[in-house]
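Next come the chains, spelled out residue by residue.
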Amino acid sequence: MSLWNKIIDWLERRISLNEFISFITSFGIFYTHIPPDKPVKEAIKDAMETISPSYARWPYMLGIITFLLFLIQVVTGVLLLFFYVPSIDKAYESTVTIIRDRPFGFFIFNIHHWTAILLICVVLFRLGRFIYDKVFSPPREIFWILGFLIFIFVILEYITGIPLPMDAQAGWLSYRIFEIFNPAPFLGVLNRVLFGAIKFGDVFILRNYILHVFVFPLVVFFLFYIHFLSVRKVGLSYGKMSLKSPFPGYFFEILITIFITFGVVFTLATLFPRAIFQEFVPYKNYTQFKVPFFLLFFDFLRDKLPLTLYSIIFTLFIILPFFLPWIDRSAPVPLIKKPVAFILYFGGLLIIIVISVMGLRV
Amino acid sequence: MMDLFFTIFLITVSPDSTKCFLCHSEIRAQYKNSVHYSEEIICSDCHGGNSFTTDMKKAHGGNFIGIPGKRKILKVCSNCHSSADKMAPYGVPFNQEALYLMSAHGKLLLKGKNIQNIPVCSDCHDYHDVRKVSDKYSPANKMNIHKTCGVCHESEEKKYKNSIHYYYLIQKGDLSSPTCIDCHGSHGAYPPGYKDIDKICGKCHQLVRKYFISGIHYKPFIETGLKECEACHGNHEVKEKSLELWDRTCTGCHSEKEEAIRVSQEIKIFLKETYESYEEANEWVKKIEKIPLEVVDLKNRLEDARIDMEANLGITHLFSVEEVKKEIEKYKGVFDDVKHEAVYKFKLFQTRYLLIPILWFMIFVTIFLIIEVRRGVKKE
């Protein structure tokens, strides 16, 4: 018995290795559950021989990339935590110190910034793809609901991260985002309970900080876990099913995906770093800073519509998508083959895009 | 017993116990805001009569003067304000009456024509509502003086409101910026003669005055009766210094073919270049600050040089190209240095773009290796 086997054997007698491996591989590595009653090696071998579509192939890889970007956020976020000080006096100074003076601080900060943007883009794109392929027909409604929940929490993660650098852009956008969320019935109440009236001080930074580094990441992680568990239960969505196991080629495909994702993020972070402006002064106007692209739509509506109508639309946009699997009961074929649904969905998308572009002028 | 006596006495003479307000109630609110109320100067101290009786005859009897006339006001105020022993404890000067009588206002009052239009103490300090000058509601407060003078000198106030002095004083709150009384005097207000303008402006712009007096313009200005600083910069409507001034004012006296115009244009072009190099350096510093790179040193050098240069720009009043270049060139040098250092820092920063092709090369090599290994695994 080799040393490696001895270690495995030793560990297996003391901890439930199968469950542990089942847990860590549930995040997009093994397609199937690893039964706890078999010896670990055998169980892994069985799992690798299960016939399934490769996760690392288009379009399934959008899920993997989402999780990968989330992991990059966790790693860079933890590195930033070592030097960031969540207080109104030190936040700006410590952010500048991180980017300017700490080794690799520039890259870590900007990778964190760009990954956040990419994460929202990929999650949005993934929701689009769910609609296009009609992934949410039974029994995969849960994919859509979880995907949409992940989208909401990733956005919350993004907007709680916005005030943390405390430069002019950060401070101004906190005001603007507060304005967008405040009239909405549920989120507005939550917003007011958590933040009260917006008043820049240690407590404001601390609340955003706790939500950004602790609460929302945990929620997103939990949602990912549930999502991967549901994939294990109901299987990946429709597509070409190969008749053999994707392993071990699948490992290599995941590795390639990781390298290319990192390369893209690094390139964007280096070429287009987030500019750090002067320290925020609460009584000044910084109208040159626009809200993030995914809030432009609501920014425009808030500006032009009566507040009650706006809050109703805002609430519908958050609540209605959860019921989409029950609203849209058309056949599970690509959207292009269903002209009415195609016109409805793309018309809606086009309206949102046009209004968002108009929102740039608000 | 003595205590009781003093208590009753103090209550009796306190301004709140005067009986005048029983009839003149509308004055009470104004009087209560005044410094005279807090210092217990009561009605009868200015108007005479008796303030502590409800009998109208007694109240308006004796030395009662009623509403004093313009000349009487001067007397009433100077009763206390020209008395050294009364004013010294407050640190208030007691020469105001003497100054006023020597001023243009005072002389007109003494001449005695149309004295209703001539300001006396109460026109600038108010009468019942006399406040300390430091009180922001006092019409004699520095921030309100232009309005107080503007009651009579309306056109001057209008011009002053367009001036750089007004901008800094009222809009920026810079109390070192002058208002009417800083140039003309307050109690001893007098319009300056054409030979005195350099002295008045020189109270603040000392270096400029020094250069102007030793420059080539001083003598001819005095000889021809030109109003020194005012001739180019104006008086009440003084604008911020600008390069455009070089084009506008010189041609007022010099014809375009003269040597003087060539010299002024040369100085103007040199100053323009200096300002441009400051702007360029400033833009570069702002640009690299946003990355952010370390700019504290560059910023300090740039601002120190700019402030120093602004202070020394008075040398242009010598109207000598050599002198101006000698003085200002060193600041231009600092601006150029700062710009070059900022550009160097930015280029050094840009070297990290090199990491991108290196990273992608490594990624492609790794992917190639992964594919090779995969092929090997497949064959097995």
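Being a predicted model, the structure only gives us computed values, none of them experimental.

Visitor: Describe the overall build of chain B, listing the residues and the values that go with them.
Guide: In terms of regular secondary structure, chain B is built from 23 helices and zero strands. Relative to the compact-globule value of 21 Å for 380 residues, chain B shows a C-alpha radius of gyration of 35 Å, a clear excess of over 25%. When the backbone C-alpha atoms are referred to their principal axes, chain B occupies close to 125 × 75 × 35 Å. Here chain B holds 380 residues, and 32% of them are scored as buried. In chain B, once contacts between residues fewer than 6 apart in sequence are set aside, the share between residues at least 24 apart is 57%. Total accessible area computed for chain B in this model is approximately 24,000 Å², and 59% of it derives from carbon and sulfur atoms.

Visitor: Hey, could you go over the domain arrangement of chain A for me, with residue numbers and the actual values?
Guide: Residue and element names in this part refer to chain A. In terms of domains, chain A is made up of domain 1 (3-50) and domain 2 (62-361). With centres defined by C-alpha atoms, the gap from domain 1 to domain 2 works out at 34 Å. Taken together, the contact pairs 15 residues of domain 1 with 16 residues of domain 2. Viewed at the interface, domain 2 and domain 1 are joined by zero salt bridges. Remark: the boundary between domain 1 and domain 2 carries two residue pairs in polar contact (both at pLDDT 80 or more). Put simply, the parts of the chain that give the side of domain 1 that touches domain 2 at least two residues each are α2 (17-25) and α3 (40-49). A class-by-class count of the residues in the side of domain 1 that touches domain 2 yields seven nonpolar, seven polar and one charged.

Visitor: Any chance you could break down the layout of surface pockets for me, citing the residues and the numbers?
Guide: Residues and elements named next belong to chain A. By volume, the second largest pocket is sized at about 1,600 Å³. Every residue lining the second largest pocket is counted, 44 residues in all, and those nearest its centre are Leu 124, Ile 131, Phe 317, Leu 349 and Ile 352. Sorting the residues of the lining of the second largest pocket by element identifies α6 (105-132), α7 (141-161), α12 (296-304), α13 (307-319), α14 (324-327) and α15 (339-359) as the ones contributing at least two each. Top contributing element to the lining of the second largest pocket by residue count: α15, with eleven residues. Counted by class, the lining of the second largest pocket contains 39 nonpolar, three polar and two charged residues.

Visitor: Any chance you could break down the packing of α12 of chain A against α15 of chain A for me, citing the residues and the numbers?
Guide: Residue and element names in this part refer to chain A. Put simply, α12 and α15 touch, their axes get as near as 7 Å, and they point 70° apart. Relative to α15, the element α12 lies roughly perpendicular. Seen along the crossing, α12 lies across α15 with a hand that is left-handed. Where α12 abuts α15, its residues Leu 296, Phe 297, Asp 299, Phe 300 and Leu 301 lie against Ile 352, Ile 355, Ser 356, Met 358 and Gly 359.

Visitor: Hey, could you go over the pattern of salt bridges for me, with residue numbers and the actual values?
Guide: In the structure shown here, the tally under the stated rule is 36 salt bridges over all chains. For Glu 294 of chain B, the salt bridge goes to Arg 100 of chain A, with nearest N and O atoms at 3.2 Å. Here Glu 294 of chain B, found in the loop between α20 (259-289) and α21 (296-312), pairs with Arg 100 of chain A, found in helix α5 (residues 91-101), and the two come from separate chains. By relative accessible area, Glu 294 of chain B is classed as partly exposed at 32%. Taking the shortest distance from any N to any O, the salt bridge between Lys 70 of chain B and Asp 123 of chain B comes out at 2.8 Å. In this pair, Lys 70 of chain B is assigned in helix α6 (residues 70-81) and Asp 123 of chain B in helix α10 (residues 121-125), connecting sequence segments 53 residues apart. Judged by relative accessible area, Lys 70 of chain B falls into the buried class, the value being 11%. Connected through shared salt-bridge partners, Arg 176, Glu 179, Asp 299 and Arg 302 of chain A make up one network.

Cut-offs and rules
Residues numbered from 1 in each chain as written. Chains lettered and ligands numbered in written order. Predicted model: local features only at pLDDT ≥ 70, side-chain atom pairs only at ≥ 80, totals over all residues. Heavy atoms only, no water. Helix = DSSP H or I, 4+ residues; strand = E, 2+ residues; numbered from the N terminus. Rg over C-alpha atoms; globule rule 2.2 N^0.38 Å. Buried < 20%, exposed > 50% of the residue type's maximum accessible area, 1.4 Å probe, protein only. Contact = heavy atoms within 4.5 Å. Areas by Shrake-Rupley, 256 points an atom, 1.4 Å probe, with all protein chains shown as cover. Domains from an automatic or database assignment. Salt bridge = Lys/Arg side-chain N within 4 Å of Asp/Glu carboxyl O. Polar contact = N/O pair within 3.5 Å; in protein donor to acceptor, adjacent residues only side chain to side chain. Nonpolar A, V, L, I, M, F, W, Y, C, P; charged D, E, K, R; others polar. 1 Å grid on protein atoms, 1.4 Å probe; cavity = no way out; pocket = protein on both sides within 12 Å on 5 of 7 lines; lining within 4 Å. Points joined across faces, edges and corners; volume = space filled by probe spheres on them. Axes fitted to C-alpha atoms, helices over the stretch in contact; angles between N-to-C directions. Parallel < 35°, antiparallel > 145°, perpendicular 65-115°, else oblique. Left-handed = near helix turned anticlockwise from the far one by under 90°.

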